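# Observations on the model geometry
The lines below spell out each chain.
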Amino acid sequence: MSLPADILPLEVIDKTIDQPVWIILQSNREFTGKLVGFDDFVNVIIEDAKEWIVNEEHSELVMEHNGRMLLSGNNIVMLVPGGKKDV
Amino acid sequence: MSLPADILPLEVIDKTIDQPVWIILQSNREFTGKLVGFDDFVNVIIEDAKEWIVNEEHSELVMEHNGRMLLSGNNIVMLVPGGKKDV
Amino acid sequence: MSLPADILPLEVIDKTIDQPVWIILQSNREFTGKLVGFDDFVNVIIEDAKEWIVNEEHSELVMEHNGRMLLSGNNIVMLVPGGKKDV
Amino acid sequence: MSLPADILPLEVIDKTIDQPVWIILQSNREFTGKLVGFDDFVNVIIEDAKEWIVNEEHSELVMEHNGRMLLSGNNIVMLVPGGKKDV
Amino acid sequence: MSLPADILPLEVIDKTIDQPVWIILQSNREFTGKLVGFDDFVNVIIEDAKEWIVNEEHSELVMEHNGRMLLSGNNIVMLVPGGKKDV
Amino acid sequence: MSLPADILPLEVIDKTIDQPVWIILQSNREFTGKLVGFDDFVNVIIEDAKEWIVNEEHSELVMEHNGRMLLSGNNIVMLVPGGKKDV
Amino acid sequence: MSLPADILPLEVIDKTIDQPVWIILQSNREFTGKLVGFDDFVNVIIEDAKEWIVNEEHSELVMEHNGRMLLSGNNIVMLVPGGKKDV
């Protein structure tokens, strides 16, 4: 049931490798960092990530994570190549 | 258990490539933008998206995302080819 | 583990093609429109849909969607061939 | 990992075809009607259904659905052959 | 990735056939009755079930279901062969 | 996509057979007992279980279950070989 | 639909074996400890874990778990090789 699409989502993720990315989870956690890995389930590895809590009006820096971390694909809502605007 | 349907949902998505689309997530986030990619799990890539928060009566523009972004198929409730009315 | 049932749900959906349908999602959104497509995951395509918000006592018309839209099968609770009564 | 069970759940559903059934969803919606179809995912088709909202003490008739409707297996908690008691 | 375990859960369920069982769902519904069927998804068929609503301190009999009923495996948290204590 | 890991989770569960285990569910239910069975979905069988409700500060014994019971893998968050500390 | 990514998430987990890890669940539970095992579903085994409850501003040590424990992959949101900062 696969149709030839112009662009596959995993291709877009692949082109973001080694570049900034902004990832938003189902909770109000957000992460910015460098994308260094991913798999078919959109589990991702980011490097030197900053973690943000986003409320009504504000986006607040909560923590900086040196090195790598895994974010589980189950919880990812949005993935924005290029990173977060105005950060 | 597949029956010949007149139109397959993925065909409708495929015909929307390079055209405006309006996507509504399980949370009250909505996105308008140009659809540029998708896969069998209805993960989608949109371009130059506008993000909206929708409350009782209002639909408020929250942010503009230049370039591409991925929206995870798990969280998508509706996808409307042609974009959002009155925007 | 498949038994011969008198009627398969996908057959009922297939017979509703090009006819009015009423679809109720897990949230309090409801849609009426013409069913024009579906797949094995009960993702559906409806045409010229009306969207309703249903509260305690009332069913309120929120919006009319010209053209086609996709509703994700994950969020569909009920699908009623013939459309919504009293609309 | 399949063991010989005395009765398979799908067999019980199959024997309920053309008979009254009572179906309870994860929300507080309930349906009574004639079971006319099902599949391996316990998606079901019922005919001439009555819809009930069940609160603390009361079970209130909300609507009558003439003809057929599909209830998605994802949302079904209980299926009771024979229908609802005291209705 | 299957290891030889001393006892398989489905074997325990199978040995409970025709015996009392106590089943607890994700909501605060509980059922006692005779287990008469099951499948690999832990969908179960119970017979002559009693339904209980369990609150803080009390377990209250809500209804008796003569005959058979299906409980969907998705919603089952616990299954206790032998039935409910003190009932 | 399987890599050689030092220890597989199912091996750890397998080594816990016939030993005390502490299991925590997604709700605030917890169980201690002897692990006697499991399968690939981490459905488990425990024997002579004690059930605990855990609130802010306290862990309260709610019930003792003689014999065996099944806990559905869907609802299991943590499984601790050796049982619960201070019990 | 697998593309050659620079780094696979499971590789990153594999390199963390026998090293400190910080794991955050969907609830507000967090764990630090030594990662000693995992599988393809990101079920993990940690050793000598500390459990933390995280609220608005504070991260409070709740319990120390000697020996091994399993955390179910379904509930894992983040996995940070190297452990928790400032602990």
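What comes next is a walk through the structure. (Residues numbered from 1 in each chain as written. Chains lettered and ligands numbered in written order. Predicted model: local features only at pLDDT ≥ 70, side-chain atom pairs only at ≥ 80, totals over all residues. Heavy atoms only, no water.)

### Details of the pattern of salt bridges
- By the definition in use, this model includes 28 salt bridges over all chains.
- Across the salt bridge formed by A:Glu51 and A:Arg29, the nearest N and O atoms sit 2.6 Å from each other. Pair noted here: A:Glu51 is in strand E3 (residues 44–54) and A:Arg29 is in strand E2 (residues 29–38), with a separation of 22 residues, a long-range link.
- Residue A:Arg29 is classed as buried on the basis of its relative accessible area of 19%.
- C:Glu30 is paired through a salt bridge with C:Lys84; the nearest N and O atoms lie 2.9 Å apart. Linking C:Glu30 in strand E2 (residues 29–38) with C:Lys84 in the segment after strand E5 (76–81), this pair joins segments that are 54 residues apart in sequence. Like C:Lys84, C:Glu30 is buried. (Salt bridge = Lys/Arg side-chain N within 4 Å of Asp/Glu carboxyl O. Helix = DSSP H or I, 4+ residues; strand = E, 2+ residues; numbered from the N terminus. Buried < 20%, exposed > 50% of the residue type's maximum accessible area, 1.4 Å probe, protein only.)

### Topic: the relation of the copies chain A and chain G
- When chain A is fitted to chain G, the best match, at an RMSD of 0.0 Å, comes from turning it 52 degrees and sliding it 0.0 Å along the axis.
- Take the interface residues of chain A: only 4% of them recur as interface residues in chain G, which is what a contact between different surfaces looks like. (Least-squares fit on C-alpha atoms with pLDDT ≥ 70 in both. Contact = heavy atoms within 4.5 Å.)

### Quick look at the side chain of B:Glu47
All names here are of chain B.
- As for its position among the elements, Glu-47 is in strand E3 (residues 44–54).
- For Glu-47, a relative accessible area of 18% gives the class buried.
- Residue contacts for Glu-47: discarding those within four places in its chain leaves Gly-33, Lys-34, Val-36, Gly-67 and Arg-68.

### Points about unusual backbone geometry
- With a phi close to 70 degrees, A:Asp18 is a non-glycine residue in the positive phi region.
- Looking at where A:Asp18 falls in the secondary structure, it is placed in the loop between helix H1 (9–15) and strand E1 (20–25).
- The backbone phi angle of E:Asp48 is positive, close to 50 degrees, even though this residue is not glycine.
- As for its placement among the helices and strands, E:Asp48 is situated in strand E3 (residues 44–54).

### Looking at the interface of chain A and chain G
- Tallying the contact residues gives 27 residues for chain A and 23 residues for chain G.
- On the chain A side of the interface with chain G, the three residues burying the most area are A:Phe38, A:Arg68 and A:Leu70, jointly 25% of the side's total.
- Inspection of the chain A/chain G interface yields six residue pairs in polar contact (both at pLDDT 80 or more).
- Secondary structure elements with two or more residues in the side of chain A that touches chain G: H1, E2, E3 and strand E4 (59–71) of chain A. (Buried area = accessible area lost by both parts, 1.4 Å probe. Polar contact = N/O pair within 3.5 Å; in protein donor to acceptor, adjacent residues only side chain to side chain.)

### Examining the arrangement of the chains
- The smallest C-alpha distance separating chain A from chain E is 18 Å, and no contact links them.
- When C-alpha atoms are compared, chain D and chain G, though not in contact, are closest at a spacing of 18 Å.

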